[in-house]
Amino acid sequence: MKKEEDSILARCGNRRPFSTPEGYFDSLTESIMASLPAVAHEEPAKATLWSKAKVWVYMAACFIGMLFVFNFAVNTANRSDDGVQMADAGSEVYSDEYIDSFFETAMIDEYTLYCSLTQNGGFY
């Protein structure tokens with residue numbers, strides 16, 4: 001790597017290919033200022049009633065939106081509870097023989113059955 005750098009420096013030398021014109025930095029500030037557009041000082045526009053009230057209107061709209069979302073979430077939770085109660089009322093009654101044959105083939109032990117019954121609310 002060092003040999004490559006030495007060979008490149010030997011071919012090109014230590015000279016810089018670019019240079020700045022004479023007196024370039026002496027007039028740089030004046031040339032930049034001359035190229036900028038003239039700034040007109042205008043009076044700020046007067047605040048209208050809407051510009052004063054729109055912040056409060058937007059905030060009220062946000063609160064109303066949050067109220068609708070909260071109301072929807074609460075009503076959805078109530079509807080899902082009603083569905084569970086309706087499913088319980090319409091559940092079927094199975095015979096002991098059917099349940100015994102199911103548990104023989106389901107490969108489920110008593111502890112797992114106990115856990116699933118206590119998590120799901122048990123028998124009614």
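Residues numbered from 1 in each chain as written. Predicted model: local features only at pLDDT ≥ 70, side-chain atom pairs only at ≥ 80, totals over all residues. Heavy atoms only, no water.

Participant: Just checking my understanding: could you explain the overall build of the protein chain for this structure?
Facilitator: Tallying secondary structure elements over the protein chain gives five helices and zero strands in all. Starting at the N terminus and walking to the C terminus, you meet the elements of the protein chain as α-α-α-α-α. Put simply, the protein chain has 124 residues, and 0% of those count as buried. Accessible surface, the protein chain as shown: approximately 12600 Å² in total, 63% of it carbon and sulfur. (Helix = DSSP H or I, 4+ residues; strand = E, 2+ residues; numbered from the N terminus. Buried < 20%, exposed > 50% of the residue type's maximum accessible area, 1.4 Å probe, protein only. Areas by Shrake-Rupley, 256 points an atom, 1.4 Å probe, with all protein chains shown as cover.)

Participant: Looking at this model, I keep getting lost on the packing of aromatic side chains. Mind explaining?
Facilitator: The geometry of two aromatic rings is summed up by the distance between their centres and the angle between their planes. The tally for this structure, following the rule as stated, stands at two aromatic pairs. Relative to Phe25, the ring of Tyr24 has its centre 5.2 Å away and its plane inclined at 80°; by these criteria the two rings are edge-to-face. Among the residues examined, Phe25 registers a relative accessible area of 57% and is labelled exposed. Considering the side-chain rings of Trp50 and Tyr58, the 6.3 Å spacing of their centres and the 85° angle between planes classify their relative orientation as edge-to-face. (Phe/Tyr/Trp six-rings, centres within 6.5 Å; stacked < 30°, edge-to-face > 60°.)

Participant: Would you explain a negative patch on the surface in this entry?
Facilitator: Among the surface-exposed residues, Asp96, Glu97, Asp100 and Glu104 lie close enough to one another that they form a single negatively charged patch. Within the secondary structure layout, Glu97 lies in helix α4 (residues 96-106). Classification of Glu97 by relative accessible area gives exposed; the value is 67%. (Patch = residues over 30% accessible without salt bridge, like charges linked within 9 Å, V, L, I, M, F, W, Y side chains within 5 Å. Salt bridge = Lys/Arg side-chain N within 4 Å of Asp/Glu carboxyl O. Lys, Arg positive; Asp, Glu negative; His and termini not counted. Charge placed at Lys NZ, Arg CZ, Asp CG, Glu CD.)

Participant: Any chance you could explain a nonpolar patch on the surface here in plain terms?
Facilitator: A cluster of nonpolar side chains, contributed by Val55, Trp56, Met59, Phe63 and Met66, occupies part of the molecular surface with about 570 Å² of accessible area. For Met59, the location among the structural elements is in helix α3 (residues 49-89). You can call Met59 partly exposed: its relative accessible area is 35%.

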